[in-house]
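Listed below, chain by chain, are the residues.
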Amino acid sequence: MIGVLLIATGKYDVFVQPLIQSLKRHFLPGYQVKTILWTDKETQADLCLHHKHEPWPAPTLNRYKTILSQRELLEQFDYLFYMDVDMLAVDTIGDEILGDLVAVQHPGFIGKVGTPERRSRSAAYIPRREKSVYYAGGFQGGRSRRYLDMCHTLHNQIESDRQKGITAIWHDESHLNHYLHYNKPGKVLSPSYCYPESWEMPYVKRLVALDKDHAEMRCG
Ligand code: UDP
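### Comments concerning the sheet that holds strand S10 (residues 207-209)
Hydrogen bonds between backbone atoms are what pair the strands of a sheet, whose relative direction is either parallel or antiparallel.
Then, number 1: Here three strands make up an open sheet; going across it, the order is S5-S10-S9 and the pairing mixed. The open sheet terminates on both sides in strands that have one partner only, identified here as strand S5 (87-89) and strand S9 (195-196).
Then, number 2: As paired strands, S9 and S10 are joined by two bridges and run parallel to one another. Note that in S10 the partner of Tyr 195 across the bridge is Val 208.

Next up, the structure:
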């Protein structure tokens, strides 16, 4: 059984139904897939969990804490995949995504080091001298226990930063990049799985990150 983890608070509820419908059509056809949604709105998924909205960046920065709040339940799945809710599956996403720990190359930084956290005070710090790949935070997953173990470490790192009064440059994504730099993912997917809607790239569009007005979506 495969669990898809979704968070939609504040204005992000508008993305839920189109995404879930697109997953029914394109995501791991032939597998038993269940959607698990944390939301403050009345919207439907296989499992809906009430989750209070907090101003940005809390909903994304605290995603690992949110996921771990259901650890016992989530351990019963074979694989777990988190995806940002402002996405749409547009082509088949098959068993090529199954792996122990799965990450996606960030579409903006193929073959480049990207923008990891460079302040040594943050737990997300990667020294400049270390050559790193840059991963996108929008789609990630793996075998359930392996993925949840990663969530646990990331949550602790984010909490340690919070206690120091520092927020990593790209929030949860910086911590993910730090983790994956020191714990290489067994499966690295192409930007097909985090494909910005209006870009033209030499990859098949499979999971599209929808264009949005960031300021408008995040206010309130
Ligand atoms: N999110 C949410 N409510 C918010 C802000 C973010 O539920 O008010 C969740 C949602 O799943 C979203 C994810 O956090 O897809 C990532 O946030 P955001 O879209 O701001 O990140 P971006 O990918 O645009 O940097």
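That covers the picture; the talk isn't over yet.
### Notes on the site of the ligand
Then, number 1: Residues in contact with the ligand amount to 15 residues; listed here are only the nearest, Ile 7, Thr 9, Trp 56, Asp 86 and Lys 212.
Then, number 2: The separation between an oxygen atom of the ligand and a polar side-chain atom of Tyr 12 is 3.1 Å.
Then, number 3: Between the ligand and His 214 there is a distance of 3.0 Å, counted from an oxygen atom to a side-chain nitrogen or oxygen.
Then, number 4: Taken by itself the ligand offers 520 Å² of open surface, and the protein chains cover 86% of this.
Then, number 5: Secondary structure elements with two or more residues in the shell around the ligand: strand S1 (2-8), helix H2 (58-61) and helix H7 (214-218).
Then, number 6: Among the residues making up the shell around the ligand, the classes are represented as seven nonpolar, four polar and four charged.

About the cut-offs
Counting from 1, residues in each chain are numbered in the order their sequence is written. Side-chain atom pairs in this predicted model are given and counted only at pLDDT of 80 or more, local residue features only at pLDDT of at least 70, and totals for whole chains, interfaces and linings cover all residues. Excluding hydrogens and water, the side-chain figures rest on all heavy atoms present in the structure. Two strands are said to pair when DSSP picks up at least two bridges between them. Labels follow the DSSP assignment, with helices taken as runs of H or I lasting at least four residues and strands as runs of E lasting at least two, numbered in each case from the N terminus. Here a residue is near a molecule or strand as soon as one of its heavy atoms is found within 4 Å of it. Pairing of N or O atoms within 3.5 Å defines a polar contact, subject to two protein rules: one partner must be a possible hydrogen donor and the other a possible acceptor, and residues neighboring in sequence count only if both atoms are side-chain atoms. For every accessible area listed, the method is Shrake-Rupley and the probe measures 1.4 Å; residues are considered covered only by the protein chains on display. For this classification, the nonpolar set comprises Ala, Val, Leu, Ile, Met, Phe, Trp, Tyr, Cys and Pro, the charged set comprises Asp, Glu, Lys and Arg, and every other residue, Gly included, is treated as polar.

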